[in-house]
Each structure stands twice: as C-alpha cells, then as structure tokens.
Amino acid sequence: MPELPEVETVRLGLAPALEGHVITQARIRRGNLRIPFPPRFAERLTGRKVERLTRRAKYLLAALDSGETLVIHLGMSGRMSVYAEGHRQKLGNYVYDKAPDGAGDGKHDHVVFETDVPARIVFNDHRRFGLMTLVATDALDQDKLFKDMGIEPLSDKFNAAYLAKALGGKKTPVKSALLDQRLVAGLGNIYVCEALFRAGISPKRLAGSLKKDQIAPLLKAIKSVLKDAIAAGGSTLRDHAQATGDPGNFQHRFLVYGREGKPCKGLASSSEAVGHKKRCKDTVKRIVQAGRSSFYCPACQK
Ligand code: ZN
C-alpha cells in the first residue's frame, strides 16, 4: 500500500502534465472505484484548469478553476501514469514515454484524462480500493475524508513541541502511536519502522515513556526517512510506480523493514572507547503489534 512518500512521488511526476493545465477530456470507464464517482463526473472535469496539485496525507488534491477539488486516493494498487502525446518528451524534471497503442483502454484503466500539454494520464487500479471524488475546495478541511486528519509530518507544525505533547502520557507503544492518523497523517508501517530504527527507539517503548532528549532525534528521523524516500522515488514492494512508469528505489535502502533474521545494519556503541562505533552484531527481529509487523534491532533500539 502506498504511503506518503509514494503518493508524493506520484504527485511530483503528475505535476508537469497537470498543474496549470486544462483537462481537455475525461473518460470515466466504469461507475465506481471504492465508492461511486460523483454525478456528471466527466462533465465537471472537462475544460477545467488545474490550478494547484497538492497532497494531504495519502490523497492527491487537484484544485480546479471551477472551485471544486478533484480528490484522488491510490488505494492499495492504484497507479497514475503520464504519457506524452506524439513522442517521448521531457517535461519539468521527468521524461515521459509516448502513449503506447491502447494506453487507457486496458481492463483496469478506469479513468483517463487528456490535458493540453498535450499529455494522457491513465488511472489504473486492478484491486479498485482507490477513490476519485469532487469536493468544494473551500470545504475540503471539513470534508469527512479530512476533518479528523492529523497534521502533515513534513510541515513545520510537526515539531518537537507538538510531538512531545502528542506522545506525552500515552500508554500505547510508540509504534502504534505514530501510526495513529489523527496524530500525524500519512505515516505508515514501513516508514515508522525505519524512523524508529534511525532514532534508536524500540517500537515496544510506551509513547509516554520517551525521554525529553529522544523527541528531537525521533522527529528528525521521521522527517529524514520520508525525505530520503521521496528523493528515491518511493518504495516499490508490489504495485507502486512513479508517473513515468519507473519503480521507486527506496526499498533497497531499508535498514530494518522486511529484514527479519538478517544482520543489523546499525552501528552499536563500542564499550572500548566512548564515541567509537562498531558494527552491530545482532539480527533484525520481527514482532506483531496491533496486527502489523514491526521490524527492529533489540541491540540498537531501546
Ligand atoms: Zn543493531
């Protein structure tokens, strides 16, 4: 399932074909995804300019010049692919292939946009847990999809004071607390495991038991793991692809996630000399917390 970095990667790849551009045609090839499409969906999109393409947690938000926002969720397996019309083209920082014959006509190609770049954008989702809907832009924050959502982990509002307060007094494991979307939105299992390892904090630690001097390193670890993953194009475990069709690369850089029984990649403090570090000799362990696998190193994470 895509997490925040994968969705942000898709947004970055969609932007050159969508932001500031007009949707010249919208083809809706079925009646629903996870929920039905809104009434007159194609009509409400056609001829509209996308003024901004942003992201909120794992939702893509295309603000239209009609005052409505197209809300897109990729679900478990949704992909947004951009093709250049006519020939392979570089737009912004990305190179897009020419649309192959039948691009947008496949069994799982559910929504197809043409934009005035000209470019073709195909939403493909074989499991159909994705979602597309239209919400009035000025009512977005109050919409049921967003009203209970926590703050963005890469925003300035997610700072040490906020994190200390959010975790303070909590008797749940820090792993579960960080997955609570009301506290911080968009963090998922992979990146919480990786951030806790980077911060040297055990996933089993109760959130409220973290020491004051552990908050800033945890905050830094969360932000840096997300930024590193975005820079690597996200993580491709199963279905994630960037808008260019390329897979992400961050899965090659996991330190603990999916590495049960493998040697820890961390540096443990040496007992011989203060400040001198040597390779940790422990192996990565897996436990199940609230139904989700947590991967961690018992030697490096306390
Ligand atoms: Zn270790």
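Above: the structure in question.
Read on for a plain summary of the structure.

What counts and what doesn't
- Residues numbered from 1 in each chain as written.
- Predicted model: local features only at pLDDT ≥ 70, side-chain atom pairs only at ≥ 80, totals over all residues.
- Heavy atoms only, no water.
- Pairing = 2+ DSSP bridges.
- Helix = DSSP H or I, 4+ residues; strand = E, 2+ residues; numbered from the N terminus.
- Axes fitted to C-alpha atoms, helices over the stretch in contact; angles between N-to-C directions.
- Contact = heavy atoms within 4.5 Å.
- Donors = N, O, S within 2.8 Å, 3.2 Å for Na, K, Ca; no water.
- Tetrahedral: all angles 85-135°; square planar, octahedral: opposite > 155°, others 65-115°.
- Buried < 20%, exposed > 50% of the residue type's maximum accessible area, 1.4 Å probe, protein only.
- Parallel < 35°, antiparallel > 145°, perpendicular 65-115°, else oblique.
- Left-handed = near helix turned anticlockwise from the far one by under 90°.
- Nonpolar A, V, L, I, M, F, W, Y, C, P; charged D, E, K, R; others polar.
- Phe/Tyr/Trp six-rings, centres within 6.5 Å; stacked < 30°, edge-to-face > 60°.
- Salt bridge = Lys/Arg side-chain N within 4 Å of Asp/Glu carboxyl O.

1. So, the sheet that holds strand S9 (residues 119–124)
(1) Moving on: Ordered by their spatial adjacency, four strands build an open sheet running S1-S8-S9-S5, and the pairing between neighbours is antiparallel. At either end of the open sheet lies a strand with only one pairing partner, and these are strand S1 (23–28) and strand S5 (79–84). Each adjacent strand pair in this sheet contributes to an overall mean axis angle of 15°, direction not counted.
(2) Moving on: Packed onto the sheet, helix H1 (residues 4–18) meets S1, S5, strand S8 (109–115) and S9 and runs at close to 35° relative to S5.

2. Considerations on the coordination of the zinc ion
(1) Moving on: For the zinc ion, the full set of protein donor atoms is Cys264 (SG), Cys280 (SG), Cys297 (SG) and Cys300 (SG), and the range of their distances to it is 2.2 to 2.4 Å.
(2) Moving on: Angles of 106 to 116° at the metal separate the four donor atoms of the zinc ion, which places the site in the tetrahedral class.
(3) Moving on: The sequence pattern describing where the donors of the zinc ion fall on their chain is C-x15-C-x16-C-x2-C. With a gap of 16 residues between them, Cys264 in the loop between helix H6 (212–231) and strand S11 (267–269) and Cys280 in the loop between strand S12 (277–279) and strand S13 (285–289) connect regions that are remote in the sequence.
(4) Moving on: What makes Cys264 buried here is its relative accessible area of 4%.
(5) Moving on: For Cys280, a relative accessible area of 6% gives the class buried.

3. Let's talk about the packing of helix H3 (residues 160–167) against H6
(1) Moving on: Their axes nearest at 9 Å, the elements H3 and H6 cross at an angle of 110°. The angle between the axes of H3 and H6 places the two elements in the roughly perpendicular class. In this structure, H3 crosses over H6, and the sense of that crossing is right-handed. Across from Ala160, Leu163, Ala164 and Leu167 in H3, the residues of H6 making contact are Ile215, Leu218 and Leu219.
(2) Moving on: Looking at the contact of H3 with H6, its residues break down into seven nonpolar, no polar and no charged.

4. Details of the packing of aromatic side chains
In this description, a pair of aromatic rings is defined by centroid distance and the angle of the planes.
(1) Moving on: What the rule picks out here adds up to eight aromatic pairs.
(2) Moving on: Ring centres of Phe37 and Phe41 lie 5.2 Å apart, and the angle between their planes is 10°; on these two criteria the pair is classed as stacked. For the pair formed by Phe37 and Phe41, the shared burial category is buried.
(3) Moving on: Ring centres of Tyr191 and Phe250 lie 6.0 Å apart, and the angle between their planes is 35°; on these two criteria the pair is classed as tilted. Residue Tyr191 is located in helix H5 (residues 189–199), and its partner Phe250 is located in the loop between H6 and S11; the two are separated by 59 residues in the primary sequence. Exposure class is identical for Tyr191 and Phe250. Each is buried.
(4) Moving on: Grouped by ring-pair contacts, the aromatic residues Tyr191, Phe250, Phe254, Tyr257 and Phe295 constitute a single cluster.

5. Regarding the pattern of salt bridges
(1) Moving on: Within the structure shown, the criterion is met by 16 salt bridges.
(2) Moving on: Arg44 is paired through a salt bridge with Glu68; the nearest N and O atoms lie 2.6 Å apart. Of this pair, Arg44 sits in helix H2 (residues 41–45) while Glu68 sits in strand S4 (residues 68–73), placing them 24 residues apart in sequence.
(3) Moving on: Residue Glu68 is classed as buried on the basis of its relative accessible area of 17%.

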